[in-house]
Structure formats: C-alpha cells, structure tokens
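Observations on chain architecture
In case you want the letters, here they are:
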Amino acid sequence: MATHVLHPGTKRPRRHVTLNEHLPVDHRLSTVYRVGAGLMGLVLLAFGILGLIDRIGFFDTEGDTVATLNTNGALSVLSICVGLLLFVGMVIGGNFASTLNMSLGVLFVLSGFVNLALLESDYNFLAFEIQNVLFSFVVGVLLMLFGMYGRVGSALPHDNPYWKARHPEAVRHAEHANSKH
C-alpha cells in the first residue's frame, strides 16, 4: 500500500539516508542494541577468560578445548578484546551500539569463512576447528540481527525514526494534516 501519491511532473528531492541518523537516547530500539551487545560481549568475555585460565600457548595451533570450542592464547585475548568492545557499545547504546553490532557481526561471518579456509593448515594461528567456524557464524548472525533490528525492513512502523528519515514527505504530509485538526 502506497503511503503517498506522486504527482506527474513533480520531482521528489532525494535525501541520502545513512544508518547513523540520530535516534533519541531513550528510544526503545536502543534497549535491543544494548542487550544484544551485552549478551554477546558476556559470552565472548567468558570464553576468553576461560581460555586464558588454561595457560595454553599464544599461537599454539593445537589449542585446548573450552566450552566445546577450540582456543589458544591469541583467540582468548582476541575474544576478551571484542567482548570488552561490545560492553563499551552496551554502555554507549543508541546508534553506536547498533552500528558496532552490525559491523562486528559482518566481521564474525567473514572470520568464519576465512578460518574455514584455513582449517587443517599451517596458517590456522587461532586454532579454529569446525565448531569454532559454526560459532563464528552464529555469533555474527546474532550480532547483525541485534544491530539491524528496527533499522532495516520493509514493514517498519511509521513512528520509527528510520522510516521517518526515509519518508520525509509522508511525515510532512501527516504533520500538515494533524495541524489542520
């Protein structure tokens, strides 16, 4: 269903919408971004700490098993750093958390593909095994889901700030119609 009517011969000005349009700090979507960043950060932080407790070699390609995942010192430190970064996103919230979740989600999926190619090779310096690859894919998809929630989609509600940014003429029309009543 069309939300506006285009009149023949008139040109609509195109407005470039970025994913970092301003959201109010207390907007309800910020909670989703924060919870997503916090949950994934907690999982990665716990995994990294448990990996460091085992005192395995930093670039040991054999690794050790922690919570059914293979790890070594480098992967443990990397997991702690990314977990802390996600906690920073949780504290800041808003668009920062959303963009951080999406960006890290994409990086996790790419990491899954790269490390899938490196399995059973001498270049597998993070000691990945197939369960690590699957974990990387799952975390990546979850982070992207948490980051994109309410920002993309074909059925965003009309009070959503991203829908408003993409449809400024419909917002002006609705404001004009409301001002007459």
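Keep in mind that what you see is a predicted model, and the values were worked out from it rather than measured. (Residues numbered from 1 in each chain as written. Predicted model: local features only at pLDDT ≥ 70, side-chain atom pairs only at ≥ 80, totals over all residues. Heavy atoms only, no water.)

Focus: helix H3 (residues 94–118)
We apply this condition: A run of H or I in DSSP counts as a helix once it spans at least four residues, and a run of E counts as a strand once it spans at least two, with each numbered from the N terminus. Expected helix span is given by 1.5 Å per residue-to-residue step, counting one fewer step than there are residues.
Here H3 is 25 residues long and its end C-alpha atoms lie 36 Å apart, about the 36 Å a rise of 1.5 Å per residue gives. Backbone geometry just after H3 places Glu120 at a positive phi near 60 degrees.

What to know about the nonpolar core
Note the following rule: The term nonpolar core refers to a set of buried residues drawn from Ala, Val, Leu, Ile, Met, Phe, Trp, Tyr and Cys, joined through side-chain atoms within 4.5 Å. When accessible area is computed with a 1.4 Å probe and restricted to protein chains, residues below 20% of their type maximum are described as buried, those above 50% as exposed, and intermediate ones as partly exposed. Here a residue-residue contact requires only that any non-hydrogen atoms of the pair lie within 4.5 Å.
In this structure, Ala37, Met40, Leu44, Val82, Leu86, Leu100, Leu104, Phe108, Val139, Leu143 and Phe146 together form the largest nonpolar core, which totals 11 residues. Within the residue set of this core, elements represented by two or more residues are helix H1 (28–53), helix H2 (73–92), H3 and helix H4 (130–148). Setting aside chain neighbours within four positions, we find Leu100 in contact with Leu85, Leu86 and Gly89. One finds Phe47, Leu69, Ala74 and Leu75 within the second-largest nonpolar core, a separate group that totals eight residues.

Digging into the packing of aromatic side chains
The test is simple: Only Phe, Tyr and Trp rings take part, Trp by its six-membered ring, and two of them pair if their centres are within 6.5 Å. Stacked means planes under 30 degrees apart, edge-to-face means over 60, and tilted covers everything else.
Counted by the stated rule, this structure contains two aromatic pairs. Centre to centre, the rings of Phe47 and Phe135 are 6.5 Å apart; their planes meet at 40 degrees, and the pair counts as tilted. Of this pair, Phe47 sits in helix H1 while Phe135 sits in helix H4, and the two are 88 residues apart along the sequence. Judged by its relative accessible area of 8%, Phe47 is buried. Ring geometry for Phe113 against Phe137: centres 4.9 Å apart, planes inclined by 55 degrees, an arrangement best described as tilted. Of this pair, Phe113 sits in helix H3 while Phe137 sits in helix H4, placing them 24 residues apart in sequence. Using a relative accessible area of 21% as the deciding quantity, one classes Phe137 as partly exposed.

Things to note about H2
The α-helix advances 3.6 residues per turn, and as a result positions three or four apart in sequence lie on the same side. Note the threshold: Nitrogen and oxygen atoms within 3.5 Å of one another constitute a polar contact, given that in protein one can donate a hydrogen and the other can accept it, and given that sequence-neighbouring residues count only through two side-chain atoms.
Between its first and last C-alpha, H2 extends 29 Å over 20 residues, near the 28 Å set by a 1.5 Å rise per residue. Residues Gly73, Ala74, Leu75, Ser76, Ser79, Ile80, Val82, Gly83, Leu86 and Gly89 constitute the buried set of H2. Near the N-terminus of H2, the side chain that reaches the backbone nitrogen of Ala74, with its oxygen 3.2 Å away, is that of Asn72. Downstream of H2 by a residue or two, Gly93 has a phi angle that is positive, lying close to 70 degrees.

Some words on the packing of H2 against H3
Here is the rule: Where helices are involved, their axes are fitted lines through C-alpha atoms of the stretch in contact, as for all axes, and angles between N-to-C directions lie from 0 to 180°. Oblique is the label for any angle not under 35 degrees, not over 145, and not in the 65 to 115 range, which are roughly parallel, roughly antiparallel and roughly perpendicular in turn. Each crossing gets its handedness from the near helix: less than a right angle anticlockwise from the far helix is left-handed, clockwise is right-handed. Amino acids outside the nonpolar list (Ala, Val, Leu, Ile, Met, Phe, Trp, Tyr, Cys, Pro) and the charged list (Asp, Glu, Lys, Arg) are all regarded as polar, and Gly is one of them.
Their axes nearest at 7 Å, the elements H2 and H3 cross at an angle of 155 degrees. Judged on the interaxial angle alone, H3 and H2 are roughly antiparallel. Crossing of H2 against H3: the hand is left-handed. Touching Val82, Leu85, Leu86, Val88, Gly89 and Ile92 of H2 are Gly94, Phe96, Ala97, Leu100, Asn101, Leu104 and Phe108, all from H3. Taken together, the residues that form the contact of H2 with H3 break down as 10 nonpolar, three polar and no charged.

Focus: unusual backbone geometry
A positive phi is found at Glu120, a non-glycine position, where the angle reads about 60 degrees. In this model, Ala127 sits at a positive phi of 55 degrees, which is unusual for a non-glycine residue. Tracing the backbone shows Ala127 in the loop between H3 and H4.

Observations regarding the packing of H3 against H4
Packing of H3 against H4 leaves a shortest axis separation of 7 Å and a crossing angle of 160 degrees. With respect to H4, the axis of H3 lies roughly antiparallel. The chirality of how H3 crosses H4 is left-handed. When grouped by side-chain class, the residues that make up the contact of H3 with H4 number 16 nonpolar, nine polar and no charged.

As for the confidence of the model for the protein
Definition in use: The quantity known as pLDDT measures the predictor's confidence residue by residue, on a range of 0 to 100.
Overall, the prediction assigns the protein a mean pLDDT of 77, with 67% of residues at 70 or greater. Confidence over residues 1–6 falls short of pLDDT 50; this stretch has five contacts with residues more than four positions distant or in other chains.

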